[in-house]
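# Observations on the three-dimensional arrangement
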Amino acid sequence: MLNKTALRLLVMLLLPVLHIHAEEPKVPLQLLDANILDVLGMYSHWTGRKVWVALDLYRGLNIRARTDKAVTRLEAIQFLRTTLLERYSIELRDSGDKEVFASYSDDPKYEKVREALRKGLDPEPPPSSNSAPKDQSPNVPAK
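Please read all numbers here as calculations on a predicted model, not as lab measurements. Per chain, residue numbering runs from 1 following the sequence as it is written. In view of the model being predicted, local features appear only for residues whose pLDDT reaches at least 70, and side-chain atom pairs are presented and counted only at 80 or more, with totals across whole chains, interfaces and linings using the full set of residues. Side-chain metrics rest on all non-hydrogen atoms present in the structure, leaving aside hydrogens and water.

### Quick look at the packing of aromatic side chains
- Between rings of Phe, Tyr and Trp, where Trp is taken as its six-membered ring, a pair exists when centres lie within 6.5 Å; planes separated by under 30 degrees are stacked, by over 60 edge-to-face, and by other angles tilted. Summed over all chains, the structure comprises 0 aromatic pairs.
- Here, a charge over a ring is recorded when the distance from Lys NZ or Arg CZ to the ring centre is within 6 Å and its angle to the ring normal is within 35 degrees. Positioned above the aromatic ring of Trp 52, the side-chain terminus of Lys 50 is 4.6 Å from the ring centre.

Below, the structure written as C-alpha cells:
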C-alpha cells in the first residue's frame, strides 16, 4: 500500500499529464491553394499514418478550404477527410492502423466532381475567386 507522501507525489506527477491531454488547443484551419501532396503530408503528420497516393490522383491539384471556427486536431482531421471527399472526390481509406490510401472515390454521388477534376475544371469555385474563369480551375492555365 502506498503511503501518503508517495500518493501525493504520484498525483503531482500525473496531474499535469492528465491536464495537458484534457485541453487540446484549438486553431483555425485555412488552406489557400495548398497542393494535394502537402495536404496529404499534413494529414499523415496529424494522424501518424503513412498515406499512399493512387497513381491517377492529379498531383497538381490545389486544395482550398477553411474552418469557420478554431478546431482541435481531431476535428481538423475529420474536416479534411470530409472536404477532400465532398469537394474534391478524394477518399481517404484506412488500411489498418498505420496506413491510409488516397484515391478518387468510386461513389456515384461524387461522379460529377470526379469528372470535372479529371478534366482540370474546378467543380465548385469559391465565390471570392475572380482571377480564373468560372469553369476553369486555377491549376490549369486558361487557353
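Anyway, onward from the coordinates.
### Examining the pattern of salt bridges
- A carboxyl oxygen of Asp or Glu within 4 Å of a side-chain nitrogen of Lys or Arg is what we treat as a salt bridge. Taken as a whole and assessed by the stated rule, the structure comprises 4 salt bridges.
- In this structure, Asp 94 engages Arg 81 in a salt bridge whose closest nitrogen and oxygen atoms are separated by 3.2 Å. With Asp 94 in strand S4 (residues 90–95) and Arg 81 in helix H3 (residues 73–88), this pair connects stretches of sequence that are 13 residues apart.
- The buried label goes to any residue with under 20% of its type's maximum accessible area, the exposed label to any with over 50%, and the partly exposed label to all in between, with areas taken from a 1.4 Å probe on protein chains only. Using a relative accessible area of 45% as the deciding quantity, one classes Asp 94 as partly exposed.
- Between Arg 93 and Glu 91 there is a salt bridge; the shortest N-O distance is 3.4 Å.
- Through salt bridges with shared partners, a single network forms among Arg 49, Arg 81 and Asp 94. In this text, helices come from DSSP runs of H or I with a minimum length of four residues, and strands from runs of E with a minimum of two, each type numbered from the N-terminal end.

### Considering the packing of helix H2 (residues 36–47) against H3
- Following both chains from N to C, one finds H2 and H3 inclined at 145°, their axes separated by 10 Å at the closest point. Once H2 is placed against H3, the crossing between them reads as left-handed. Of the residues in H3, those touching H2 at Ile 36, Val 39, Leu 40, Met 42, Tyr 43, Trp 46 and Thr 47 are Arg 73, Ala 76, Ile 77, Leu 80, Arg 81 and Leu 84.
- Its residues placed into classes, the contact of H2 with H3 shows 10 nonpolar, 1 polar and 2 charged. Where helices are involved, their axes are fitted lines through C-alpha atoms of the stretch in contact, as for all axes, and angles between N-to-C directions lie from 0 to 180°. Crossing handedness: left-handed means the near helix sits turned counterclockwise from the far one by under a right angle, and right-handed means the same turn made clockwise. We call two residues in contact whenever any of their non-hydrogen atoms come within 4.5 Å of each other. Nonpolar residues are Ala, Val, Leu, Ile, Met, Phe, Trp, Tyr, Cys and Pro. Charged residues are Asp, Glu, Lys and Arg, and all others, Gly as well, are polar.

### Brief notes about H3
- Counted at 1.5 Å a residue, the expected span for H3 with its 16 residues is 22 Å, and the 21 Å between its end C-alpha atoms agrees.
- Within H3 the residues assigned to the buried category are Ala 76, Ile 77, Leu 80, Arg 81, Thr 83, Leu 84, Arg 87 and Tyr 88.
- Against the buried residues of H3 lie strand S1 (30–35), H2, strand S3 (62–66), S4, strand S5 (99–104) and helix H4 (111–118).
- Once H3 finishes, Ser 89 follows within two positions and takes phi at roughly 55°, a positive value. One fewer than the residue count of a helix, multiplied by 1.5 Å, yields its expected span.

### Considering the pairing of S3
- Most of S3 sits inside the fold, with 4 of its 5 residues counted as buried.
- The pairing criterion for strands is at least two bridges between them, as found by DSSP. As judged from the 4 bridges shared by S1 and S3, these two strands associate in the antiparallel manner. Counterpart to Asn 35 in the pairing with S3 is Asn 62.

### Digging into the sheet that holds strand S2 (residues 50–53)
- The sheet built from 3 strands is open, its strands ordered S2-S5-S4 with mixed pairing. Here the strands that pair on one side only, and so sit at the sheet edges, are S2 and S4. Averaged over neighbouring strand pairs, the angle between their axes works out to 25° when direction is ignored.
- The pairing of S4 with S5 spans 6 bridges and is classified as antiparallel. Its bridge partner lying in S5, Arg 93 is registered against Phe 101.
- On top of the sheet, H2 reaches S2, S4 and S5; it is set at about 150° to S2, its chief contact.

### Some thoughts on the nonpolar core
- Counting 24 residues, the largest nonpolar core has Ile 36, Leu 40, Ile 63, Leu 84 and Ile 90 as the members making the most contacts within it.
- Of the residues forming this core, the biggest block, 5 residues, is contributed by H3.
- If we skip the residues at most four places from it in the chain, Leu 40 touches Val 51, Val 53, Leu 57, Leu 84, Leu 92 and Ala 102. Side-chain atoms within 4.5 Å are what join buried Ala, Val, Leu, Ile, Met, Phe, Trp, Tyr and Cys residues into a set we call a nonpolar core.

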